[in-house]
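Chain by chain, the residues run as shown.
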Amino acid sequence: MTLTRKQAYRRIEISRIIMIAVGIASAAFGLKGFLIPNEFIDGGVTGISLLISSITGWPISILILVINIPFIWLGYKRIDKLFAIKTLVAITLLSLILYFVSFPLVTNDKLLTAVFGGFFLGTGIGLAMRGGSVIDGTELLAVYINPRSVLSIGQIILVINIFIFGVAAFFLGIESALYSILTYLAATQTINYIVQGFDEFTSVTIVSPKSELIKNVIMRHLHRGVTIYKGERGFGKTEIVDKQVDIIVTVITRLEVQRLVARVQQIDPTAFIVTNSVSEVRGGLIKRQPLDH
C-alpha cells in the first residue's frame, strides 16, 4: 500500500515523538540513577545545572528548566517555532520526571557512574536531537556565538566545557572533576553514535582519464551509485593535452574504502583519489547490499 505524503509525514512525526520520549526517559535515568547521587556533572547546560545543584542544593529539575529557557528562545530565533516548541516540551517533561519520578541508585562505583551515567545521558540527548529537539542548549549557544567569534562551533563548546569543569574542580575537587570529564566524553561519544549512526560513511572523489571504465566498475560490479562532475585537469607546470575529465564521486562505508581504492588502482594506478568523512547519508544504494569483493 502506497502512503500519501500526509500519512508519511505523520509517521515520521510519530517516530520523532517516540524518539524524544525515549530520550527523555534515558536522560532522566542517567541523571537520577547515576550522576546526581554521586555528585558527578556533565558538560553543557546539563553540567551547569548539576554543578549549581551540587553547590547550592537547589532542585536539579527546576535548574534544568530555568537555565534552558534562554536557549529555547535562541532556538526559536535561529531555527524555527516548531523546534522551539518541541524543545520546550521536552525539557519541561524531563524536569517533571526528575521532580516526580524516583529512580534506584544503580551504583556508587565512580568509574561505572562516569561511563554509564554519560552513556544514558548521551543516549537521551542524542535521541532528542534525532527527534527534532534538544534537552541541552549548549550547541544553540555555540551556533549563536559563532558568527560573532573567530572560534568554530566545536571550539566554543570546548571553551564552555573547560570553564564548567574548571569551576567543578574548584568546588567539588579535582577527582570529581576528572570523573565528570570522563562522563562528558562518554556522553559525547554516545551522542555522536546516536545522531550520526554507527556506520561511518566516506565520500570518495576519483579523478582519472579512465573515468568511464571506473564508473562502470563501481556501478555494475560494486553496485554503488555515482555522481559525475565535469572538470578540467591541471597540475604544476605539466602540459596536459586533454584537460577535460569526468570527476567521479561515490559514498561508501568506511570499512569499504580500501576495497574500492584497490579496484580503482587496478584500472588506473595513477588515479587521483580523495576521501572525506560524511556525517549522514540518506537514500541511494549504500545500505541495500554489501560491497562486492
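These notes cover the structure that comes with them. (Residues numbered from 1 in each chain as written. Predicted model: local features only at pLDDT ≥ 70, side-chain atom pairs only at ≥ 80, totals over all residues. Heavy atoms only, no water.)

## Regarding the overall build of the protein
Phase 1: What the protein contains, in helices and strands, is 10 helices and four strands.
Phase 2: Residues counted as buried form 40% of the 293 residues belonging to the protein.
Phase 3: On the protein, roughly 16800 Å² of surface is accessible, and the fraction owed to carbon and sulfur atoms is 63%. (Helix = DSSP H or I, 4+ residues; strand = E, 2+ residues; numbered from the N terminus. Buried < 20%, exposed > 50% of the residue type's maximum accessible area, 1.4 Å probe, protein only. Areas by Shrake-Rupley, 256 points an atom, 1.4 Å probe, with all protein chains shown as cover.)

## Side note on the pairing of strand β1 (residues 201-207)
Phase 1: The element β1 is largely enclosed, with a buried count of six among its seven residues.
Phase 2: Here seven bridges tie β1 to strand β3 (residues 244-253), and the two strands are oriented antiparallel to one another. Paired with Phe 201 across the bridge in β3 is Thr 253.
Phase 3: Across seven bridges, β1 lies against strand β4 (residues 272-278) in antiparallel orientation. (Pairing = 2+ DSSP bridges.)

## What to know about a nonpolar patch on the surface
Phase 1: Judged by side-chain polarity, Leu 111, Leu 112, Val 115, Phe 116, Phe 119, Ile 174, Leu 178, Ile 181, Leu 182 and Leu 185 come together as a nonpolar surface patch covering roughly 860 Å² of accessible area.
Phase 2: Put simply, the parts of the chain that give the nonpolar patch at least two residues each are α5 (110-130) and α8 (174-196).
Phase 3: For Leu 182, the position within the fold is in helix α8. (Patch = residues over 30% accessible without salt bridge, like charges linked within 9 Å, V, L, I, M, F, W, Y side chains within 5 Å. Salt bridge = Lys/Arg side-chain N within 4 Å of Asp/Glu carboxyl O.)

## Details of the sheet that holds β4
The pairing of strands in a sheet comes from backbone hydrogen bonds and takes either a parallel or an antiparallel form.
Phase 1: On the basis of which strands lie adjacent, the open sheet formed by four strands has the order β2-β3-β1-β4 and antiparallel pairing. Lying at the two open borders of the sheet, with one neighbouring strand each, are β2 (227-232) and β4. Neighbour to neighbour, the strand axes of the sheet diverge by 25° on average, direction disregarded.
Phase 2: This element, helix α9 (residues 211-221), spans β1, β2 and β3 of the sheet and lies at about 20° to β3. (Axes fitted to C-alpha atoms, helices over the stretch in contact; angles between N-to-C directions. Contact = heavy atoms within 4.5 Å.)

## Some words on the environment of Ala 128
Phase 1: On the secondary structure map, Ala 128 appears in helix α5.
Phase 2: Sequence separation between Ala 128 and Lys 86 is 42 residues, and the spatial gap between their C-alpha atoms is 9.3 Å.
Phase 3: If we skip the residues at most four places from it in the chain, Ala 128 touches Met 19, Ile 20, Ser 133 and Ile 135.

## Quick look at the packing of aromatic side chains
Phase 1: Across all of its chains, the model carries 10 aromatic pairs by this definition.
Phase 2: Ring geometry for Phe 29 against Phe 103: centres 6.0 Å apart, planes inclined by 55°, an arrangement best described as tilted. Taken together, the positions of Phe 29 in helix α1 (residues 5-35) and Phe 103 in the loop between α4 (81-100) and α5 put the pair 74 residues apart, joining distant regions of the chain.
Phase 3: A residue is classified by how much of its surface remains accessible, and Phe 29, at 22% relative accessible area, is partly exposed.
Phase 4: Relative to Phe 171, the ring of Phe 170 lies with its centre 5.0 Å away and its plane at 85°, an arrangement referred to as edge-to-face.
Phase 5: You can call Phe 170 exposed: its relative accessible area is 68%.
Phase 6: Since its relative accessible area comes to 47%, Phe 171 is described here as partly exposed.
Phase 7: Joined through ring pairs, the aromatic side chains of Phe 29, Phe 34, Phe 103, Phe 119 and Phe 120 make up one cluster. (Phe/Tyr/Trp six-rings, centres within 6.5 Å; stacked < 30°, edge-to-face > 60°.)

## What about α9?
Phase 1: Along α9, the positions that sit buried rather than exposed are Ser 211, Ile 214, Lys 215, Val 217 and Ile 218. The arc that holds the buried residues of α9, viewed along the axis, is 160°, so those residues lie on one side.
Phase 2: Its buried side turned inward, α9 meets β1, β2, β3 and α10 (257-267).
Phase 3: Positive phi shows up at His 223, right after α9, with a value of about 55°. (Arc of directions from axis to C-beta.)

## A word on the side chain of Thr 107
Phase 1: Residue position: Thr 107 is located in the loop between α4 and α5.
Phase 2: Polar contacts involving the side chain of Thr 107 include one to the main-chain amide nitrogen of Asp 109, which spans 3.0 Å.
Phase 3: Among residues more than four places away in sequence, those in contact with Thr 107 are Gly 33, Phe 34, Asn 38, Leu 112 and Thr 113. (Polar contact = N/O pair within 3.5 Å; in protein donor to acceptor, adjacent residues only side chain to side chain.)

## Comments concerning the nonpolar core
Phase 1: Among the nonpolar cores identified, the biggest contains 34 residues, and Leu 31, Leu 35, Ile 41, Ile 64, Leu 94 and Ile 135 are the most heavily contacted of them.
Phase 2: Contributions of two or more residues to this core are made by α1, α2 (44-56), α3 (60-78), α4, α5, α7 (153-172) and α8.
Phase 3: Tallying contributions element by element places α1 first for this core, with seven residues.
Phase 4: Residue contacts for Ile 64: discarding those within four places in its chain leaves Leu 31, Ser 49, Ile 91, Leu 94 and Leu 98. (Core = buried A, V, L, I, M, F, W, Y, C linked by side-chain atoms within 4.5 Å.)

## Quick word on the pattern of salt bridges
Phase 1: A complete count under the given rule lists five salt bridges for this structure.
Phase 2: The salt bridge involving Lys 86 is made with Glu 13; its shortest N-O contact spans 3.2 Å. With Lys 86 in helix α4 and Glu 13 in helix α1, the pair connects residues that are 73 residues apart, well separated along the chain.
Phase 3: The shortest N-O distance in the salt bridge between Lys 215 and Glu 212 comes to 3.3 Å. Of this pair, Lys 215 and Glu 212 are both found in helix α9, three residues apart, which corresponds to roughly one turn of the helix.
Phase 4: Of the residues examined, Glu 212 reaches a relative accessible area of 42% and is grouped as partly exposed.

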